[in-house]
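Given next are the chains, with one letter for each unit.
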Amino acid sequence: MARGTPALIGVLAVACGALVLLNGALLLLLAPAGVLSESGGSWLWSGFLRVISPTVITKDRGPAPFLTAATLMAFGGIFLMSTLIPVISAGLQNQLARLRRGRSVVVESGHTVVLGWSPHVHSVLSELVEANRNQRRACVTILAEKDRPEMEAAIRERVGRTATTRVVCRSGDPTDPVDIAIVSPSSARSIIVIPPEGEDPDIAVIKSLLAVDSCREPRGRGGERAPVIVASVQEAQNLSVARLAGGATCHVISAQGFISRLMVQMSLQCGLSAVYTGLLDFEGDEIYMRPQPELVGRTFGETLAAYRTSCVIGLMDASGRVRLNPRHDTVLRAQDQIVAISEDDDTVLLSETVPVVDETAIAPPDVPERPGRRVLMVGWSRHAPDVVRQLRTQLPAGSRVDVIADTDLTGAERTLASEDDGVPEVSFRQADTTRRDVLESADLGAYDHVMVICPNERDPRGSDARTLTTLLKLRDLAARHSYDFSLATEIADDRNRALVRAAKADDFIVSSELVSLCLAQLSENPQLSQIFDELFGPQGVQISLRPAVGYVRAGVDIDFYTVTAAAARCGEIAIGHRIHDRAQLPPDYGVLINPDKADRVSYTEYDQIIILSAGTHGES
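Scoring rules and cut-offs
- The numbering scheme is per chain: residues are counted from 1 as the chain's sequence reads.
- Thresholds applied to this predicted model are a pLDDT of at least 70 for local features of residues and 80 or more for the giving and counting of side-chain atom pairs; totals over whole chains, interfaces and linings are not thresholded and use all residues.
- Side-chain numbers come from the whole structure's heavy atoms, not from hydrogens or water.
- Numbering of helices and strands runs from the N terminus, with a helix taken as a DSSP run of H or I at least four residues long and a strand as a DSSP run of E at least two residues long.
- Throughout, exposure labels follow a simple rule: accessible area from a 1.4 Å probe, protein chains only, divided by the maximum for the residue type, with under 20% read as buried, over 50% as exposed, and the rest as partly exposed.
- Contacts were defined at the residue level, with two residues in contact if any of their heavy atoms lie within 4.5 Å.
- Here, the term nonpolar core denotes a set of buried Ala, Val, Leu, Ile, Met, Phe, Trp, Tyr and Cys residues that are joined through side-chain atoms within 4.5 Å.
- Multiplying one less than the number of residues by 1.5 Å gives the expected span of a helix.
- A residue counts toward a patch only above 30% relative accessible area and without a salt bridge, and it is joined to like-charged neighbours within 9 Å or, for Val, Leu, Ile, Met, Phe, Trp and Tyr, to nonpolar neighbours within 5 Å.
- All accessibility values rest on the Shrake-Rupley procedure with a 1.4 Å probe; residue burial counts only the protein chains present in the view.
- We count a salt bridge whenever a side-chain nitrogen from Lys or Arg sits within 4 Å of a carboxyl oxygen from Asp or Glu.
- Only centres within 6.5 Å qualify two rings of Phe, Tyr or Trp (six-membered ring in Trp) as a pair; their planes then separate them into stacked at under 30 degrees, edge-to-face at over 60, and tilted for everything else.
- In this analysis the charged atom, NZ for Lys or CZ for Arg, is taken to sit over a ring once it is within 6 Å of the ring centre and within 35 degrees of the ring normal.
- Strand pairing is defined by DSSP finding a minimum of two bridges between the two strands.
- To define axes, lines are fitted to C-alpha atoms, for helices over the stretch in contact only, and angles between the resulting N-to-C directions are given on a 0 to 180 degree scale.
- Each angle is binned into one of four classes, with values under 35 degrees roughly parallel, values over 145 roughly antiparallel, values of 65 to 115 roughly perpendicular, and all other values oblique.
- Left-handed describes a crossing whose near helix is turned anticlockwise from the far helix by less than a right angle; the clockwise case is right-handed.
- Polar here means any residue outside two lists: the nonpolar Ala, Val, Leu, Ile, Met, Phe, Trp, Tyr, Cys and Pro, and the charged Asp, Glu, Lys and Arg; Gly therefore counts as polar.

### Looking at the overall build of the protein
Right, on to step 1. A count of helices and strands for the protein gives 20 helices and 22 strands.
Right, on to step 2. Looking at the protein residue by residue over its 620 residues, the buried ones come to 50%.
Right, on to step 3. Here the contacts in the protein between residues at least 6 apart in sequence split such that 75% fall between residues at least 24 apart.

Here is the structure:
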């Protein structure tokens, strides 16, 4: 019995065989003449029929010893059959329970594997579903230390219908090679490692990468490629270790650096979160690389106006190196590919008409002075030190950064002071950021920008609760005293998005969502890794929102070809615009990336152009 259902069935089969032999012997020794011939077969077949169908004895006639023995054999058959049925039933129930627990091997190929479970999963899965809408049969497999029914229920609640994508959940340890083998990583197209919640998520990510590398089979035979592995780590110092653990096909992003740079740019220029979300999600336009032999021999600046429904932002050479916004006199070679923002890869098409630029609508170059700014950081988290470092590179001379947090900042203050180059000046103060009197004493009217940092807590809802409390009090103080500062914030849980809108923050990001969007994009197109390094690295190109009147004249009816030409004369690339009248309307908040260049628009002095330009450290 301890050996399970197969052993029990084997024992019952042996007992059944013995009973068949006894029944056959009974017929040979005790049955009267004619009984055996009436059964229609040999004595062995007649014995088998009496075991599986005891009702045969109702036709028996003969002496009492024979009938008594036949009755006993019939009861033996009844006992065996009644025992066999529950054994088989129990075996089926155990197998079904095992399948419900999610421990069966996934028989798939070309699928996407997601290792781990956290709030990132829902955003990643939503984006993969959107990316797979043009495929007839796509599959995403999730392996996590959760019960399969629990995972499936959470996906139905948070993601909803998955269209053409099948989602297969399996229970197991995403750091154990034996459990990872359940989801067939060697035959997968891509593998996404999700950082878990709790302490030291980077350690778990690195262990998962090592486990994946240990259970992968060499691909290469038959022209097959190794699966792409993407992951994110919290601490920038763990980035190189994670990339080493993942191997050559692994792409790892630093959530710390990514969120830090975005927080800084968003706080200094409200509206950028909608721009980055539009570039990173699979709804709308995305980034593609396409060869364009028709443009060989032309300069990069000439390619900017060569497309009507696509926006060229860079070049990729034969070695795979990507350059965003290169020098506009760079000549395209035969092996070069263009990097473009477009609705789909098949919409990157050359325009059939020659655009006409309205020279009279282009405004003269205007380079305004950058006065010093005052920035207030409210709250502290693991990536807050990197936010301070980013502010030092972004803010002009004469700026100042003040930090108020409810944690002990002595260690951070000492570390940042050792790196201090004097620009800007940074001060630290420990206080409860949810108290109104603490915020009132900060002299909010003296600040140009206020950013609320989401604290580090295991429960995202607890973190967001403190953030929203602080946000509401800041907005109330600004309304009461007519303070004119921009207010940007970070939240951890996407479910609190509506609450942040109600609190009327000028701009906000959902940190877990944006990291998830990056992971999903990289799993579909690993070549985007270089582009993300450029956009979110400390020394790469940057996206900014500039006043439209700095490029074209206000109130003039023009097309986007003219805007593109005006930006190109400044060594920049115009990739879209933000209309002020729609700045408070979700879901895009007035942001339009890659507009049709033939569409005409009349800008006001409050509208903005979305510009891709060289970073603060020079050209990429």
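And the narrative resumes.
### Digging into helix α19 (residues 528-536)
Right, on to step 1. Where burial is concerned, most of α19 is hidden: seven out of the nine residues are buried.
Right, on to step 2. Of the residues making up α19, those classed as buried are L528, S529, I531, F532, E534, L535 and F536.

### Brief notes about the nonpolar core
Right, on to step 1. Within the largest apolar cluster, 98 residues are counted, with the highest numbers of intra-cluster contacts made by M377, W380 and I543.
Right, on to step 2. Top contributing element to this core by residue count: helix α10 (residues 255-268), with eight residues.
Right, on to step 3. If near-sequence neighbours (up to four positions away) are discounted, M377 is found in contact with A384, V387, V388, L391, V401, D402, V403, I404, M451 and I453.
Right, on to step 4. Listed in part, the 25 residues of the second largest apolar core include V106, I191, V205 and V233.

### Digging into the side chain of T165
Right, on to step 1. As for its position among the elements, T165 is in strand β3 (residues 165-171).
Right, on to step 2. Taking relative accessible area as the criterion, T165 reaches 2% and is therefore assigned buried.
Right, on to step 3. Beyond its immediate chain neighbours, meaning those up to four positions away, T165 contacts L128, V129, N132, A138 and V140.

### Examining helix α16 (residues 460-481)
Right, on to step 1. Relative to the 32 Å expected for 22 residues at 1.5 Å per residue, α16 spans 32 Å between its end C-alpha atoms, a close match to the ideal helical length.
Right, on to step 2. The set of residues buried in α16 consists of P460, S463, D464, T467, L468, T470, L471, L474, L477 and A478.
Right, on to step 3. Once α16 ends, the next one or two residues include S482, with phi positive near 60 degrees.

### With respect to a nonpolar patch on the surface
Right, on to step 1. On the surface, a nonpolar cluster with roughly 250 Å² of combined accessible area is contributed by I9, I88 and L92.
Right, on to step 2. Assignment of secondary structure puts I88 in helix α4 (residues 64-101).

### A short note on the packing of aromatic side chains
Right, on to step 1. A complete count under the given rule lists two aromatic pairs for this structure.
Right, on to step 2. With centroids separated by 6.3 Å and ring planes inclined at 35 degrees, the aromatic side chains of Y483 and F485 adopt a geometry described as tilted.
Right, on to step 3. Lying across the ring of Y447, R374 places its NZ or CZ 4.6 Å from the centre.

### Focus: the sheet that holds strand β1 (residues 112-115)
Right, on to step 1. One open sheet holds the six strands; their spatial order is β3-β2-β1-β4-β5-β6, and the pairing between them is parallel. Edge strands, defined here as strands with exactly one partner in the open sheet, are β3 and β6 (250-254). Within the sheet, the average angular offset between the axes of one strand and its neighbour, ignoring direction, is 15 degrees.
Right, on to step 2. Examined bridge by bridge, strand β2 (residues 138-144) and β3 share seven bridges and lie parallel to one another. The residue of β3 that forms the bridge with A144 is S171.
Right, on to step 3. Where helix α9 (residues 239-246) meets the sheet, it contacts β5 (228-233) and β6, and its direction lies at approximately 165 degrees from that of β6.
Right, on to step 4. Along the sheet face, α10 touches β5 and β6 and points at about 45 degrees away from the line of β6.

### Let's talk about the pattern of salt bridges
Right, on to step 1. Using the criterion set out here, one finds 22 salt bridges in the structure.
Right, on to step 2. The salt bridge partner of D329 is R327, with a shortest N-O separation of 3.2 Å.
Right, on to step 3. Residue D329 is classed as partly exposed on the basis of its relative accessible area of 47%.
Right, on to step 4. Residue class for R327 comes out exposed when judged on its relative accessible area of 52%.

### Overview of the side chain of S232
Right, on to step 1. Mapping S232 onto the fold places it in strand β5.
Right, on to step 2. With a relative accessible area of 2%, S232 lands in the buried category.
Right, on to step 3. Leave out the neighbours within four places in its chain, and S232 touches V193, P195, V205, V252, I253, V515 and L519.

### Overview of unusual backbone geometry
Right, on to step 1. Phi angles above zero are rare outside glycine, and S184 is one such case at about 50 degrees.
Right, on to step 2. Here S184 lies in the loop between α7 (177-180) and β4 (190-193).
Right, on to step 3. Judged by its relative accessible area of 16%, S184 is buried.
Right, on to step 4. A positive phi angle, near 55 degrees, is found at D443, a position not held by glycine.

### Focus: the packing of helix α11 (residues 272-280) against helix α18 (residues 511-524)
Right, on to step 1. Where α11 meets α18, the closest approach of the two axes is 9 Å, and the angle between their N-to-C directions is 25 degrees. Classified by the angle between their axes, α11 and α18 sit roughly parallel to one another. Judged by the twist between their axes, the crossing of α11 over α18 is left-handed. Facing T277, L279 and L280 of α11, the residues of α18 in contact are L514, L517, C518 and Q521.
Right, on to step 2. Of the residues assigned to the contact of α11 with α18, the class counts are five nonpolar, two polar and no charged.

### What to know about the sheet that holds strand β12 (residues 400-405)
Right, on to step 1. Spatial strand order, β13-β12-β11-β14-β15-β16: six strands in an open sheet with parallel pairing. Only two strands of the sheet have a single partner each, and these edge strands are β13 (425-430) and β16 (507-510). Mean inter-strand twist for the sheet, computed between neighbouring axes without regard to direction, equals 15 degrees.
Right, on to step 2. Of the pairings in the sheet, the one linking strand β15 (residues 486-491) to β16 comprises four bridges and is parallel in character. Paired with I491 across the two strands is V510, which belongs to β16.
Right, on to step 3. The sheet contacts of α18 involve β15 and β16, and relative to β16 the element is tilted by about 60 degrees.

### As for the packing of α10 against α11
Right, on to step 1. Viewed as axis vectors pointing N to C, α10 and α11 meet at an angle of 135 degrees, and their least axial separation amounts to 9 Å. Our classification of the angle between α10 and α11 gives oblique. Between α10 and α11, the contacting residues are F258, L262, Q265 and M266 on the first element and L272, S273, Y276 and L280 on the second.
Right, on to step 2. When its residues are assigned to classes, the contact of α10 with α11 shows six nonpolar, two polar and no charged.

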